[in-house]
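# Breakdown of the fold
Here is how the chains run, residue by residue.
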Amino acid sequence: MKKFMKKFILFVLILLLLGVYYYFTLPAINIHSQGFWVVLIVFILSLTMIYALVKARKQSAGNIVQIRPFEQAFKDMKAVKIGFGISVLLLLIFCIGSVLSSPIVNAGKYQKLMQVVESDFIEDIKQTNYNSIPLLDKDSAELLGNRKMGSMVDMVSQFEVGSDYTQINYQDTPVRVTPLVYASEIKWFTNQKEGIPAYIRIDMATQNTECVKLEQTIKYSKAEYFNRNIYRHLRFNYPTYIFDDQIFFEIDDEGTPYWVCPVKKFNIGLFGGQTVGNVVLCNAVTGECTDYPVEDVPNWIDKVYSAELLTQLYNYYGIYKHGFFNSVLGQKDCLKATNGYNYIAMDDDVWVYTGVTSVSGDQSNVGFVLMNQRTMETKYYKVEGAIEDSAMSSAEGQVQNLGYRATFPLLLNISDEPTYFMALKDGAGLVKKYAMVNVQKYQWVAIGDTVGECEKAYVQLLATNGISNKGDNSLYEEITGTIDVISQVVIEGNTHYYITLKNSEAIFDINVSDANLIDIIRYKAGDLIKLSYTASEQGLNVVSKLE
C-alpha cells in the first residue's frame, strides 16, 4: 500500500507539472505543431528517466539505500529501453517530417501556394482619392495615440495604449485601431474586474484621433493574465488549433471590438506551406467565439493574412519558379518582394502593397503587387522603375537641409503616371511635408506642406517635363475667356507665358517646353482662349491644355 501511494503521488505530481506547463505555454495538441512534438519527446524522456531512477533504487537488508549505476539499470529494464526507443523514433519522425516539408524537396508546391494574376495599372488603380489612402504610418499613429491618451485624465493613470494599431477599412475610411491595456500588474489587479473601458481609433487620412469609450468593457485581451487572456481563452476553446503568431484587433461597422484569430493550415507535409485555413472571431467584450472557414469570413473583417505572411508567400512564388536549386545557384527569373510594405484601402478591403525586384539586389523594380489581406487575392503590375529605397532617398534629398525622413511609400496613379507617395517626418516623428516621386524618373520629386499642394506641384512638374494629364479630368478646371495680359518669362531655363483673362483675377502659367502648349506663342491680348488648369491657393494656376 505504501509503495502504491508513493507511485500515485509521483504520478499526480507529474500530471500537475504537466498541467502547469500546458497552462502557461499553451501548446496546440496537433501533429502539425512543432512545439507539440518537442513537448511529447521531452515528456516521454522525462517519464523514462524518472522510471529508471526509481527502479534503480535498491534497499539493502540494513535499510540502507543503494543506487545501481544508471547504465546497468538501462540494460536490465525493458520499459526504459522502450521509452528511449519511442523517443528516438519520435525524434526521427520529426526530423524526416521537417525535411520532407521544406522547399528543398517541395519547391514546386511552395511556388503554387499563392495564385498571382497580372493586371493593368491604369485600369485597376484609379485616380487617387486621398480619403482612401493612409497618410500616416504606424509610428506616427502611435504618437497620436499616446498624445490622445495623455489627454484622458480619467484613465491615463490606470491604462496605457496597446501596441496593436491594426489598420482596417472602417466605413470606407482607412483607420488604425488599438485597445487600451492595463498600465501595470497592480493596475490590472485593481481594474480587471471592470475590464478595459475603451479603444483608440485614428483616421489615417485626417489624423483625427478618438478614444472610443465602451458601454460594455473589453474583458478578453492580450493584457489579461489568467483565463481571460485571449490566447488562453482561444486554446481552451480550440485545443487542436494552431493559431497564427499574429491575432488582430478589429471593430465591426457598429464599433464593437473583436479579435480576429487566423488558424494556420499546413499544405505541404507536416510543417510546410503555411497558409490560413480557418478564422476564429472572438468578441472582445463577451468572449463568444465563432469559427469560420477562411473563405466565409464576414466582409467587414479586413485582416486575415498578415502582411508578413503574404510577402513570404509571394517570395515563394517569385523565387521557386524553376525549382529550389535554381533559386540558390543560377537564380534565373527569380523575383522577390522589396524590403518594406504599406497598406491601401480599395474595394472595401485592405491591400498590402510592396514592390517586386530581382534577387540580385539591384536598385530597380520590375513591378509591384497588391495582396488582399482578407482573401489572399494577389495582383501583379508590371511597372518598371526605381525601388522604394531609392525614391525615399530622392525625396529626402529635396529636404536634406531639414533632416526629414521619408516613410515607406505607396504607389498611386497621378495623371496616369505611377507615382510614389510618402510622408516626410522630422526627428520627433511628426509629419511635416509630403512628397511625390515619379517611379520611372525618380529624380522628379515634388514636395508640399499639404497633400493638395504636393499633388499640384507634382502635376506642374509633369507638365514641365512634357507629360500632360491623360487620366481623370476631375483634377483639372476649365475656363474660357479673352486674354487681357500676356507676358513672357524665363524660369530655370524654360520659357513660360503668364496670362490673365478679362473678368478674372487668376494668373495662368503656361510652360512652352510642353509640346502640347507650344501654340501659346501664337496668341496675343484680345484673343479668345480656353484653358485646362490646376488651381493653386497661391494664385498661380498651372495650365495643362489650351484650345
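A brief structural summary. Please read all numbers here as calculations on a predicted model, not as lab measurements. (Residues numbered from 1 in each chain as written. Predicted model: local features only at pLDDT ≥ 70, side-chain atom pairs only at ≥ 80, totals over all residues. Heavy atoms only, no water.)

## A look at the overall build of the protein chain
The helix and strand inventory of the protein chain stands at 13 helices and 29 strands. Whereas a compact globule of 547 residues would reach a radius of gyration of roughly 24 Å, the protein chain reaches 32 Å, over 25% beyond that. Seen through its C-alpha atoms, the protein chain measures out along the principal axes to roughly 125 × 65 × 45 Å. Taken over 547 residues, the protein chain has a buried fraction of 50%. Of the contacts made within the protein chain by residues no fewer than 6 positions apart, 53% connect residues no fewer than 24 positions apart. A total of about 27100 Å² of accessible surface is found on the protein chain, and carbon and sulfur atoms cover 54% of it. The average position of the 48 basic charges and that of the 59 acidic charges among the side chains of the protein chain differ by 17 Å. (Helix = DSSP H or I, 4+ residues; strand = E, 2+ residues; numbered from the N terminus. Rg over C-alpha atoms; globule rule 2.2 N^0.38 Å. Buried < 20%, exposed > 50% of the residue type's maximum accessible area, 1.4 Å probe, protein only. Contact = heavy atoms within 4.5 Å. Areas by Shrake-Rupley, 256 points an atom, 1.4 Å probe, with all protein chains shown as cover. Lys, Arg positive; Asp, Glu negative; His and termini not counted. Charge placed at Lys NZ, Arg CZ, Asp CG, Glu CD.)

## As for the packing of aromatic side chains
What the rule picks out here adds up to 24 aromatic pairs. Ring pairing ties together the aromatic residues Tyr-110, Tyr-316, Tyr-320, Phe-324 and Phe-325, which thus form one cluster. The positively charged end of Arg-232 is found above the aromatic ring belonging to Tyr-23, 4.3 Å away from the centroid. (Phe/Tyr/Trp six-rings, centres within 6.5 Å; stacked < 30°, edge-to-face > 60°. Lys NZ or Arg CZ within 6 Å of the ring centre and 35° of its normal.)

## A closer look at the pattern of salt bridges
One pass over the structure, following the stated rule, counts 14 salt bridges. Where Asp-124 meets Lys-379, a salt bridge forms, and the shortest distance between an N and an O atom there is 3.6 Å. You can see Asp-124 sitting in helix α6 (residues 121-124) and its partner Lys-379 sitting in strand β18 (residues 378-381), a full 255 residues away along the chain. On the accessibility criterion, Lys-379 (17% relative accessible area) is buried. A salt bridge links Glu-478 to Lys-530, with the nearest nitrogen and oxygen atoms 3.8 Å apart. Within this pair, whereas Glu-478 is found in strand β25 (residues 477-491), its partner Lys-530 is found in strand β28 (residues 528-534), the two being separated by 52 residues in sequence. Residue classification places Glu-478 among the exposed positions, given a relative accessible area of 54%. The exposure class of Lys-530 is partly exposed, given its relative accessible area of 30%. (Salt bridge = Lys/Arg side-chain N within 4 Å of Asp/Glu carboxyl O.)

## Description of the side chain of Lys-303
On the secondary structure map, Lys-303 appears in the loop between β12 (289-293) and α10 (307-319). We note that Lys-303 is buried and unpaired, the nearest opposite charge coming from Glu-308 at a distance of 6.7 Å. Once you skip the residues sitting within four places of it in the chain, Lys-303 turns out to touch Thr-166, Gln-167, Phe-248, Glu-250, Val-260, Tyr-343 and Gln-373.

## Observations concerning the nonpolar core
In terms of nonpolar packing, the biggest core is built from 42 residues, with Tyr-353, Phe-368, Leu-370, Tyr-420, Phe-421 and Met-422 touching the most fellow members. Leaving out residues up to four positions away in the same chain, Phe-421 has contacts with Ile-133, Leu-135, Pro-409, Leu-410, Leu-412, Tyr-434, Ala-435, Met-436 and Val-451. Counting 41 residues, the second largest nonpolar core, distinct from the first, contains Tyr-165, Val-175, Tyr-238 and Val-263. (Core = buried A, V, L, I, M, F, W, Y, C linked by side-chain atoms within 4.5 Å.)

## Some points on the sheet that holds strand β26 (residues 494-501)
Strands sit in the order β25-β26-β27-β29-β28 around a closed barrel of five strands; the barrel is mixed. Taking the axes of each pair of neighbouring strands and ignoring which way they run, one obtains an average angle of 55° across the sheet. With five bridges joining them, β26 and strand β27 (residues 507-511) adopt antiparallel strand pairing. What sits directly across from Thr-500, in β27, is Ile-507. The strands that helix α13 (residues 451-464) touches are β26, β27, β28 and β29 (540-546); relative to β27, the one it contacts most, it runs at about 40°. (Pairing = 2+ DSSP bridges. Axes fitted to C-alpha atoms, helices over the stretch in contact; angles between N-to-C directions.)

## A closer look at unusual backbone geometry
Phi at Asp-172 is positive, roughly 65°, even though this residue is not glycine. The residue Asp-172 is located in the loop between β5 (166-170) and β6 (173-182) in this model. What makes Asp-172 exposed here is its relative accessible area of 57%. For Ser-415, which is not glycine, the phi dihedral falls at a positive 55°. Tracing the chain through its elements places Ser-415 in the loop between β21 (410-414) and β22 (417-425).

## Re the environment of Ile-301
Within the secondary structure, Ile-301 is located in the loop between β12 and α10. Ile-301 has contacts with Glu-250, Val-260, Leu-281 and Arg-374, leaving out every residue within four places of it along the chain.

## Quick notes on the environment of Arg-374
If you trace the backbone, Arg-374 turns up in the loop between β17 (367-372) and β18. Arg-374 has contacts with Val-297, Pro-298, Asn-299, Ile-301, Asp-302, Val-304, Tyr-305 and Asp-349, leaving out every residue within four places of it along the chain. Within the structure, the side chain of Arg-374 is placed 3.3 Å from the side chain of Asn-299, a separation counted as a polar contact. A distance of 3.0 Å separates polar atoms of two side chains, one belonging to Arg-374 and the other to Asp-349. (Polar contact = N/O pair within 3.5 Å; in protein donor to acceptor, adjacent residues only side chain to side chain.)

## Quick look at helix α7 (residues 138-150)
If you check α7, its first and last C-alpha atoms are 18 Å apart, about what 13 residues at 1.5 Å a residue would give, namely 18 Å. All of the buried residues along α7 are Ser-140, Ala-141, Leu-144, Gly-145 and Met-149. Buried residues along α7 sit in contact with β4 (159-161), β6, β7 (196-203), β8 (209-218), β22 and β23 (431-438). (Expected span 1.5 Å × (residues − 1).)

## Considering the environment of Asn-365
Note on placement: Asn-365 falls in strand β16 (residues 364-365). A sequence separation of 253 residues divides Asn-365 from Lys-112, and the C-alpha atoms of the two residues are 22 Å apart. In this view, Asn-365 contacts Thr-338, Gly-355, Val-356, Thr-357, Val-383, Glu-384, Gly-385, Ala-386, Ile-387, Glu-388 and Tyr-420; residues no more than four positions away in its chain are not counted.

## Concerning the pairing of β22
Counted residue by residue, β22 has nine buried out of nine residues, so it is predominantly covered. Because side chains alternate across β22, one face comprises the buried residues Glu-417, Thr-419, Phe-421, Ala-423 and Lys-425, and the other comprises Pro-418, Tyr-420, Met-422 and Leu-424, equally buried. Across two bridges, the pairing between strand β20 (residues 405-406) and β22 is antiparallel. Across the sheet, residue Ala-406 finds its bridge partner in β22, namely Leu-424. The antiparallel pairing of β21 with β22 creates a hairpin that spans two residues between the two strands, and Ser-415 there sits at a positive phi of about 55°. As defined by bridge partners, β22 adjoins β23 across seven bridges and the pair is classed as antiparallel. Each bridged residue has a counterpart across the sheet, and for Phe-421 the counterpart in β23 is Met-436.

## Regarding a nonpolar patch on the surface
Residues Met-5, Phe-8, Ile-9, Phe-11, Val-12, Leu-13, Leu-15, Leu-16, Leu-18, Val-20 and Phe-24 make up a contiguous nonpolar surface patch of roughly 1000 Å² in combined accessible area. By secondary structure assignment, the location of Leu-13 is in helix α1 (residues 2-25). By relative accessible area, which is 44% here, Leu-13 ends up partly exposed. (Patch = residues over 30% accessible without salt bridge, like charges linked within 9 Å, V, L, I, M, F, W, Y side chains within 5 Å.)

Don't take any of this as a statement about function, it's just geometry.
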